[in-house]
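Fold and geometry: a report
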Amino acid sequence: MLRNLLLTAYRSLNKNKFFTFLNVIGLGIGMAVFLLIALYVRFERSYEDFIPDADNIYRVSLQSYLNNELVFASAENYPGVAPAMRNEFPEVMASARLYNMGYKNNIIITNQDAKPDPVAFKHRRFLYADSSFLPMMGYPMVAGDAKTALAQPFNAVISEKYARMYFGDEDPIGKSLRLQDDDFVDELVKVTGVFKDIPANTHLKFDVLFSYKTLFPRGDWAIDRYDHGWRRKDMYTFIRVRPDADVNALEAKFPALVEKYKPENKERNANEILSLQPIKSIHLTSNLAEEPETNGDDRIVRFMSLIGIFVLIIAWINYVNLSTAKAMERAREVGVRKVMGAFKAQLVRQFLMESAMINLLSILIAVAIAFLVLPYFNALSGLTLTFSSFLEPWFLLLVLVLWLSGTLLSGFYPALVLSSFKPVMVLKGKIKNSVSGILMRKGLVTLQFIASVVLIASTLIVYRQLNFMMSRDLGMNIDQVLVVERPGISPRDRQAFNSSIDVFRNELKKSPGVMGVSASATIPGKQREYKAIAKRYGAPDDEQVTLRFNSMDFDFLNVFKMKLLAGRAFSEQFTNDPDTSVIISESAVKLLGYKNPEEAIGQTIAIPGFQWNPIVTGVVNDYHQVSLKKPLDPSIFYCTAYGGEFYSMRIQTADLPAMVEHVRQSWLKAFPGNPFEYFFLDDYFNKQYENERKFGKLFSTFAVLAVIVGCLGLFGLSAYTASQRTKEIGIRKVLGSSERGIFMLLSKEYVGLVLIAITIAIPLVWLSMNSWITSFPYRTTISATVFLIAGVAVLVLAISTVSFQTLKAAHSNPVDSLRHE
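The following refers to the structure shown. What you see is a predicted model, and the numbers here were worked out from it, not measured in a lab.

Strand-to-strand pairing in sheets goes through backbone hydrogen bonds, with the strands running parallel or antiparallel. Sheet architecture is open: 7 strands sit in the order β18-β21-β19-β22-β17-β16-β20, paired in mixed fashion. Here the strands that pair on one side only, and so sit at the sheet edges, are β18 (564-567) and β20 (605-606). Pairing analysis gives 5 bridges linking strand β17 (residues 545-552) to strand β22 (residues 635-639), with the strands arranged parallel. From the neighbouring strand, N550 faces β22, where its bridge partner is F637.

Moving on to the side chain of D297. Assignment of secondary structure puts D297 in the loop between α9 (282-285) and α10 (298-325). Taking relative accessible area as the criterion, D297 reaches 15% and is therefore assigned buried.

What follows is about the sheet that holds strand β24 (residues 679-680). On the basis of which strands lie adjacent, the open sheet formed by 4 strands has the order β15-β23-β14-β24 and antiparallel pairing. Strands with a single pairing partner mark the edges of an open sheet, and in this sheet they are β15 (514-520) and β24. Note: strand β14 (residues 481-485) against β24, 2 bridges, orientation antiparallel. In the strand pairing of β24, V483 is matched with F679. In the packing of helix α16 (residues 494-508) onto the sheet, contacts are made with β14, β15 and β23 (646-651), and the angle to β23 comes to roughly 10°.

It is worth spelling out the packing of helix α3 (residues 81-88) against helix α8 (residues 254-261) at this point. Axis separation between α3 and α8 bottoms out at 12 Å; the angle between their running directions is 120°. By the angle between their axes, α3 is oblique relative to α8. As for how α3 packs across α8, the hand of that crossing is right-handed. On α8, the residues that touch A84, M85 and E88 of α3 are F254, L257, K260 and Y261.

Turning our attention to the packing of α16 against helix α21 (residues 656-670). In a packed pair of helices, the relevant descriptors are the angle between the two axes and the axis-to-axis distance. Close contact between α16 and α21 brings their axes to 8 Å; oriented N to C, the two are set at 155°. As summarised for this structure, α16 and α21 are arranged roughly antiparallel, according to the angle between their axes. Seen along the crossing, α16 lies across α21 with a hand that is right-handed. Contacts between α16 and α21 involve S500, V503, F504, E507 and L508 from the former and H662, V663, S666, W667, K669 and A670 from the latter. When the residues that make up the contact of α16 with α21 are grouped by side-chain class, the tally is 6 nonpolar, 3 polar and 2 charged.

We now examine α21. Taking 1.5 Å as the rise per residue, α21 with 15 residues should run 21 Å; its terminal C-alpha atoms sit 21 Å apart, in good agreement. Residues of α21 that are buried include every one of M659, V660, V663, S666, W667 and A670, and no others. For α21, the angular spread of the buried residues around the axis is 120°, confining them to a single face. The exposed residues of α21 that point more than 90 degrees off its buried face are P657 and K669. Residues of α21 that are buried sit in contact with β14, α16, β15 and β23.

Analysis parameters
Residues numbered from 1 in each chain as written. Predicted model: local features only at pLDDT ≥ 70, side-chain atom pairs only at ≥ 80, totals over all residues. Heavy atoms only, no water. Pairing = 2+ DSSP bridges. Helix = DSSP H or I, 4+ residues; strand = E, 2+ residues; numbered from the N terminus. Buried < 20%, exposed > 50% of the residue type's maximum accessible area, 1.4 Å probe, protein only. Contact = heavy atoms within 4.5 Å. Axes fitted to C-alpha atoms, helices over the stretch in contact; angles between N-to-C directions. Parallel < 35°, antiparallel > 145°, perpendicular 65-115°, else oblique. Left-handed = near helix turned anticlockwise from the far one by under 90°. Nonpolar A, V, L, I, M, F, W, Y, C, P; charged D, E, K, R; others polar. Expected span 1.5 Å × (residues − 1). Arc of directions from axis to C-beta.

Right under this line is the structure:
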């Protein structure tokens, strides 16, 4: 029986090659888009899945308030938090701290015993970790014991990748590496373990772990600062709770813990809130300061999921529309089968078998398409998916479910319609398209148009918002600014290091192409998460305000082209500037209560937290330190000539290779032994929009594919409609109708459906995209132009798609048309 069903289905599909081709290609593209988006969504939602007991592991975050104003919300907190929670809360089974080196940007690790020459690498992905960290996270070890590998000072655990890079085929256990950083540290550490390379689906990526106790031998101050202190706020804290723990009840105990260890908060009118973040939700839901990396966005993942479902539904609608539209051609076949004794259930099985064959061909084509375009999809999405993803159990199960659900969802309704024809009416030729069937097809076509308008309009809004943020004036000029980070290997004393900085500056200025050099604690694109209370000197405490603290040197304003609104810039001619002077931003002027920038000049500001009363020597324009995804902060700058973490150079780019080489030679002369690495500030700054840019590219690509799938179905439907009206067209031409009139007759139906679709799509787009766009403090508007462009685009596409068949029908010879059927 199965053989008979397959043979009959094959003959039917082979008989209608054109419509079979449209169905298979449309479904294949739609399913390929769905599978690729499924891979994307699966990867984004799989973060930390490889960690055993991940459901019971949490990160402790910190929110800090001054005068009831949020100063910062950080992924880091105090080193004393972890031991306090472990000792005072029975729900906490284990805790672990990670020190991310604060604003230290790099270290140099060297295998001095390597032959023929020492092997050295500059590292950024490194952490100091408690000995409990490896057992808590369950990272697979290649060598060494996870429980003891980080138990002693000067121990290090490295990844498989770096074990090969440092030691080749040798066993690294017990061997030494030299650690040098930019804070005058020069130490030997012993390799006590090797872990498997960290997978891509984690928010916490690292290549090297040093034992946390390595920090302690640096002095008693280090024990107080790094072990149980509640002053530094640059530690990641992870805890594992008991499986039966009430997490909400545990969090309710945190305020009392903070009050116990930070009693001074009440005097400072400060408030600090510790919160728990499930480790598996960090990647998609956390957007705190000092995140280890730029996290994803759950809203984007949800949007992508909806696009995948949209495209799949559009493809299925194509199949349903074409199958039901061609029902009249198969009515006689159904009538004959019923007269010969076929039951309705048998006919349903027959037509479902045809649907199964089409969906099977489509799913095979879809998998092939997804396989072939995976490298391009990785480039588009920024992921690192491999071909092995296609063999994972969840993917194979998804393919099976997609085939079965496609067979049933797209095949059941056409099978029901076809099997319902009455044989007597069919054989007498009295069967006609039902009104309900026609309305059903029009409704499905309208649904496709709605999806197309929604996708095109949403894509335009995404790009408008992204362009708005990237083109808005930042208040400073970040173009043609080359940046190098502070060297990883520094001279052993501060004076010698400062001299090296002077050498670097002087060497750079020998080239007329270097128009300015500035050292600063941070750069645009990197927020310095430090705020402090300030007020006008002599003002009451209720007039205290919160300002963000930044540093600048003497050339900062020149390098970044900021406007001096009043007063003067810091200058080497004023030797007391580092001790007595500050520059404030325009919004800080207003916040402190001055009428205008000129009034603020020469005024004394009190900063109680530092017991410092500097004088305002200058006022600069407001500027965006970070992306426009966050509001700008009123700022205050102090002067430091040598305390920078970044060296920024405004350069001429006419001969860029020569200019970069000049900077490299200047660097090597000033900081010998340090690898030279650089980046351009505009590229660095715009990385903050990486999620939005990837979203825009993915959204637009899949929106185009969705529209193409819809057009394929519309093309097939218009071809069938034109063929059904062949005799009518012939009669109209004989009676004098023009080709233009016939074209308008066959096209106006689709124009009406597009107009209905636009009317329905507008509020849908507004509701969905307005909620996304209002999450940005600086945003574009959703104007009528967006809907006009989307509507016209869909209308043009619809008319272009059906025009081939309508023009063909309009040009046909009426004699041939009247002979039709």
